[in-house]
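# Summary of structural features
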Amino acid sequence: MRHLFGRPLAAVAAWAAGSGTGALIGATLGETLPGLALGGGAGVLLLASQDALRAQRLMRWLRRTPEKAVPRDPGFWGELGYCVERALRERERQLAQERAQHAQFLNAIEASPNGVLLLDAGDAIVWCNPAAADHFGLDPEGDRQQRITNLVRAPGFVALLHAEPVPAQPCLLSDLRRPGTLSVLLQRYGPDMRLVLSQDVTEREHHEAMRRDFVANVSHEIRTPLTALSGFVETLQTLPLSEAERRRVLALMDQQTSRMRSLVDDLLTLARLEGSPRPACDGWFALDPLLEQIEARTRSISGGRHAIEFPEPGGLELAGNEGEIDSAVTNLLSNAVRYTPPGGGISVMLRRLGDGRLEIGVRDSGIGIAREHLPRLAERFYRVDGSRSRDTGGTGLGLSIVKHVASRHGGELSIASSPGKGSTFTLQLPAARVRQGGRGASLRRVHANAA
Ligand code: ADP
């Protein structure tokens, strides 16, 4: 409102001042009226020129240097400049805030382990984050504006891009430029733009495949003795057998039941190992009495067919789960007996390494294992010779149990073998779980021997 009247009033004031001055000068020259008219015109012209100058200065500032302070003029032009500057600064502040939010948003998408790829209507890459670049083998900067179908030619991916309607569920693709499996979801947005979301599910698929294999293996392992058992039951029910034949069939049935029991026992042991916390580092037990029990068990399953050698008592103590260590060493020795022909030798060795670690080695002079099988030996149900394993009561889970026990105790299992010459399985335990026990521990074994 102030400025609505301000400029006309200023013009009137300029005219009045000019007219007054003109009239005074005109009167001294005897030309009062022309002096008044000329003076009024000059006053208004002066005001208009001053306005034009200030407007010009404001325009120049706006066009060239809006980052500097606005020219400080008094009155209308000064206030106009101040208002423009304030609006400009507010806009700049909002822009900076929006830019920061945008950068944050981009950083978050860039850091995402899931791939984000934007495509325009012509399949050209608009933007992609590093995960998408890795998933599809793209260069995030260099491949911009390139048609994605020229770079990723996997038929599954191309079919997904052009599918109508767009599938609502993610598709699994494994024929891409890199090994592994991707879960890819396509979404339309905006006018003909597409968003490709990708997730690396290689690990998940691998675990899923392992789980399926495991279930299939367990079913197969259980079905085989079950089929045999039902055959024997049928034989007993339908055929008139002599007493000797009946006893033989019952013995075979007993064999199959034991096989199923061993399998279930090993499965339960594995489940316990996988589902329970790692054994505490301060639960110490003496190794000598444990080895003594294992030695008795080994001699019993060997039935005198092998030369068996155990180390002298060393008075060592181990920290961990005694039952698990027992199960691991017993499994190794049971394998040594089963895979060593009668007359062969089996020995257990204890070796303390320089850094305090303990090696429990089980060596046999048995059939040995070809090099190509060694890396897979501790996989569940992996067998070099399936029928030999089953005939000797194996479940295919023994070494898997040993490996689990070793890693739960912070140790590892290593295998050295050569066909026809025998094998050495070494269970290595970390120094923190091994210590030299008191005299009592070593004496116990001496007493037991004496008894
Ligand atoms: P299994 O119950 O079949 O013995 P394991 O997991 O204990 O299952 O062993 C896996 C495979 O490793 C066995 O089937 C066998 O082929 C091989 N193996 C294990 N120990 C020995 C050994 N001492 N000598 C030769 N082969 C062995």
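Residues numbered from 1 in each chain as written. Predicted model: local features only at pLDDT ≥ 70, side-chain atom pairs only at ≥ 80, totals over all residues. Heavy atoms only, no water.

### Concerning the environment of leucine 186
Checked against the element boundaries, leucine 186 lands in strand S4 (residues 182-189). Of the residues examined, leucine 186 reaches a relative accessible area of 3% and is grouped as buried. When the C-alpha atoms of leucine 186 and serine 262 are compared, they prove to be 49 Å apart, with 76 residues separating the residues in sequence. With residues up to four places along the chain from it excluded, the contact list for leucine 186 reads Leu160, Leu161, Val166, Pro167, Arg194, Leu195 and Val196. (Helix = DSSP H or I, 4+ residues; strand = E, 2+ residues; numbered from the N terminus. Buried < 20%, exposed > 50% of the residue type's maximum accessible area, 1.4 Å probe, protein only. Contact = heavy atoms within 4.5 Å.)

### Concerning the site of the ligand
Close contacts around the ligand come from 22 residues, with Asn335, Arg338, Tyr339, Ser389 and Gly396 the closest. Valine 384 is positioned such that a nitrogen or oxygen atom in its backbone is 3.1 Å from an oxygen atom of the ligand. Within the contact set of the ligand, an oxygen atom lies 2.8 Å away from a backbone nitrogen or oxygen of glycine 396. Its free accessible area being 520 Å², the ligand has 98% of it covered by the protein chains. Under a 2 Å grid-point criterion requiring more than half of the atoms, the pocket assigned to the ligand is the largest pocket. Looking at the shell around the ligand, the elements with two or more residues in it are helix H10 (322-338), helix H12 (398-408) and strand S12 (422-429). Considering each element in turn, the shell around the ligand owes the most residues, 3 residues, to H10. For the shell around the ligand, the per-class residue count stands at 10 nonpolar, 8 polar and 4 charged. (Near = heavy atom within 4 Å. Polar contact = N/O pair within 3.5 Å; in protein donor to acceptor, adjacent residues only side chain to side chain. Areas by Shrake-Rupley, 256 points an atom, 1.4 Å probe, with all protein chains shown as cover. 1 Å grid on protein atoms, 1.4 Å probe; cavity = no way out; pocket = protein on both sides within 12 Å on 5 of 7 lines; lining within 4 Å. Sits in = over half its atoms within 2 Å of the grid points. Nonpolar A, V, L, I, M, F, W, Y, C, P; charged D, E, K, R; others polar.)

### With respect to unusual backbone geometry
Following glutamate 164, the chain continues into proline 165 via a peptide bond in cis, with omega recorded as -10 degrees. Position of proline 165 relative to the elements: it lies in the loop between helix H6 (155-161) and strand S3 (171-173). Residue aspartate 123 is not a glycine yet carries a positive backbone phi of 70 degrees. Of note, aspartate 123 is situated in the loop between strand S1 (115-119) and strand S2 (125-128). Since its relative accessible area comes to 5%, aspartate 123 is described here as buried. Positive phi values are uncommon outside glycine, yet glutamine 145 reaches one of about 70 degrees. Under the relative-accessibility criterion, glutamine 145 is labelled exposed at 56%.

### Some points on the nonpolar core
Considering soluble globular proteins, one finds that nonpolar side chains tend to be buried as a cluster. Ranked by size, the top nonpolar core spans 43 residues in total, and within it Leu318, Ile325 and Leu333 carry the most contacts. Those elements that place two or more of their residues in this core are helix H8 (243-275), helix H9 (287-302), strand S8 (316-319), H10, strand S9 (345-352), strand S10 (358-364), H12 and S12. Of all the elements, H10 adds the most residues to this core, at 7 residues. Residue-level mapping places this core at the junction of two domains, with at least three residues from each of domain 3 (204-275) and domain 4 (284-446). (Core = buried A, V, L, I, M, F, W, Y, C linked by side-chain atoms within 4.5 Å. Domains from an automatic or database assignment.)

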